[in-house]
Amino acid sequence: MRRAGWLAGAGALALGAAVALAQGSPPEPRRQIPNPESGLNYATPETRAIQEDDFLNPAFLWVEEGEQAWNRVEGTAGYSCASCHQDATVSMRGVRARMPAYHPRLQRVVTLEQQVNICRTERMGAPALPIDSRPLNAITTYIALQSRGMPVNVDISGPARPFFDKGEQFYNTRRGQLDLRCGSCHEDNYGRYLRADLLSQGMSNGFPTYRLKEQRVISLQFRLQGCVNDVRGESPPMGGEEFTNLEFYLAWRAQGLPVESPSVRR
Amino acid sequence: MRLAIPAALALLLALSSPAALSRDTQLVPFRIVEDSIPEPLTSQPGDPARGREVALDRSRGNCITCHNMPVEADFQGNLGPPLDGVGERYSIGELRLRIVDMKRINPESNMPSFYRLEGLHGVRRDWVGRTILTAQEVEDLLAYLMTLR
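Only a predicted model underlies this, so the values are computations on that prediction, with no experimental measurement involved.

### Thoughts on the packing of helix 9 (residues 161-172) of chain A against helix 12 (residues 241-253) of chain A
Residues and elements named next belong to chain A.
- Where helix 9 meets helix 12, the closest approach of the two axes is 7 Å, and the angle between their N-to-C directions is 90°. The orientation of helix 9 with respect to helix 12, classified from their angle, is roughly perpendicular. In this structure, helix 9 uses F163, F164, K166, G167, E168, F170 and Y171 to contact helix 12, whose residues at the interface are E241, E242, F243, N245, L246, F248, Y249, L250, W252 and R253.

See below:
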């Protein structure tokens, strides 16, 4: 009897899924913050001044390194990025604004970092670069710069949607010994102070970002590890599935904000 | 067998870390009456001077990160209400429940539960199975909060 009941339940679930498919995609999610604000609005005047002047912004050292790497042959195939994508100022325009994105062949969402590594390993015969390493951050910063000012616009429809949903779930799960969810700080309390830190809405449109505290360019997932660690939570690895889906969700939260990489933060 | 030595080492390290020595891994039993815990968690009375340290210490209460406090300190948070006068607004038993587990009063609260073990998710390895404060630290803190009038 119990078994039969379970089977009937499973049947109903499958039917529900089939109906949802027949009716098209699940309903469009609603944003907690319909008119998001960039973290730039929460930065101190000193920090803003550095971001707003490319000659002061130390991230431009990374941009230069990234540009050199773009044209450098690496790996067994004898290619550079430019061998396939030519002029980055043309071919990479808009890429940062629409990533992370669903990768049809891999059937999952990939971040810009992961896409660079996919090109390196699959096309160039070069080793993957560690997530958040200086050479990878240099390339992603150079690529991101080509989208500066363009609105964030990721596509969460169709097969991408389950990955978005997982990211949303991560965002809203209270975790760590302090038992906070991401929104505890970035939705319930932006504009308030956590000790010396003015809480922003935790938008991702400025990444990669130059972090004054670290004195280097950091990737988004390094920042995410910091936030999870601060609530005394066990952080997932950078480059893993959980943070990739979370990054996808964060991009949708920031939809419409201009890409500001490389931004500057405290 | 290959795992035996690292596991033993890890255990030793865990036991010898100061956190492991001071945090409670098992709750002392307490009784909730309406919105308060009337009896102290320990037999040793709370010490307000030590309680003040607990409130300011980043690795213990860290209350000042979220609350304004009537102390000389730069950068006080305002995620929660100011603690000034809190000893007047509440009885010690009411404050005890709020420190032990604010979520019993407001399940949506963003104030951490300082003396709770169950119902947490994804706790960092070095804190698993430990309360944020020890029972004695809670009592010290309460003695301090009662001076805020």
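### A closer look at the layout of surface pockets
Residue and element names in this part refer to chain A.
- Taken as a whole, the second largest pocket encloses approximately 430 Å³ of empty space.
- Lining the second largest pocket are 23 residues, with H85, M92, V95, Q115 and C119 positioned closest to its centre.
- Elements with a contribution of two residues or more to the lining of the second largest pocket: helix 4 (81-85), helix 6 (95-98), strand 1 (101-103), helix 7 (112-124) and helix 8 (134-145).
- Looking at the lining of the second largest pocket, the element that brings in the most residues is helix 7, giving six residues.
- Looking at the lining of the second largest pocket, its residues break down into 17 nonpolar, four polar and two charged.

### A few points about the confidence of the model for chain A
- Mean pLDDT over chain A stands at 93; residues scoring 70 or higher make up 91%.
- Across residues 1-20 of chain A the pLDDT falls below 50, and counting only partners more than four positions away or on other chains, this stretch makes zero contacts in the model.

### Details of the nonpolar core
- Core analysis: the biggest nonpolar cluster contains 31 residues, and M69, I99, V138, L141 and L145 of chain B have the highest contact counts within it.
- For this core, the secondary-structure elements that each account for two or more residues are helix 3 (48-56), helix 5 (92-101) and helix 6 (135-145) of chain B.
- In terms of residues, this core owes the most to one element, helix 6 of chain B, which gives six residues.
- If we skip the residues at most four places from it in the chain, L145 of chain B touches L83, V86, G87, L95 and I99 of chain B.
- Counting residues in hydrophobic clusters, the runner-up holds 23 residues, among them A160, F243, L250 and V259 of chain A.

Cut-offs and rules
- Residues numbered from 1 in each chain as written.
- Chains lettered and ligands numbered in written order.
- Predicted model: local features only at pLDDT ≥ 70, side-chain atom pairs only at ≥ 80, totals over all residues.
- Heavy atoms only, no water.
- Axes fitted to C-alpha atoms, helices over the stretch in contact; angles between N-to-C directions.
- Helix = DSSP H or I, 4+ residues; strand = E, 2+ residues; numbered from the N terminus.
- Parallel < 35°, antiparallel > 145°, perpendicular 65-115°, else oblique.
- Contact = heavy atoms within 4.5 Å.
- 1 Å grid on protein atoms, 1.4 Å probe; cavity = no way out; pocket = protein on both sides within 12 Å on 5 of 7 lines; lining within 4 Å.
- Points joined across faces, edges and corners; volume = space filled by probe spheres on them.
- Nonpolar A, V, L, I, M, F, W, Y, C, P; charged D, E, K, R; others polar.
- pLDDT = per-residue confidence, 0-100.
- Core = buried A, V, L, I, M, F, W, Y, C linked by side-chain atoms within 4.5 Å.
- Buried < 20%, exposed > 50% of the residue type's maximum accessible area, 1.4 Å probe, protein only.

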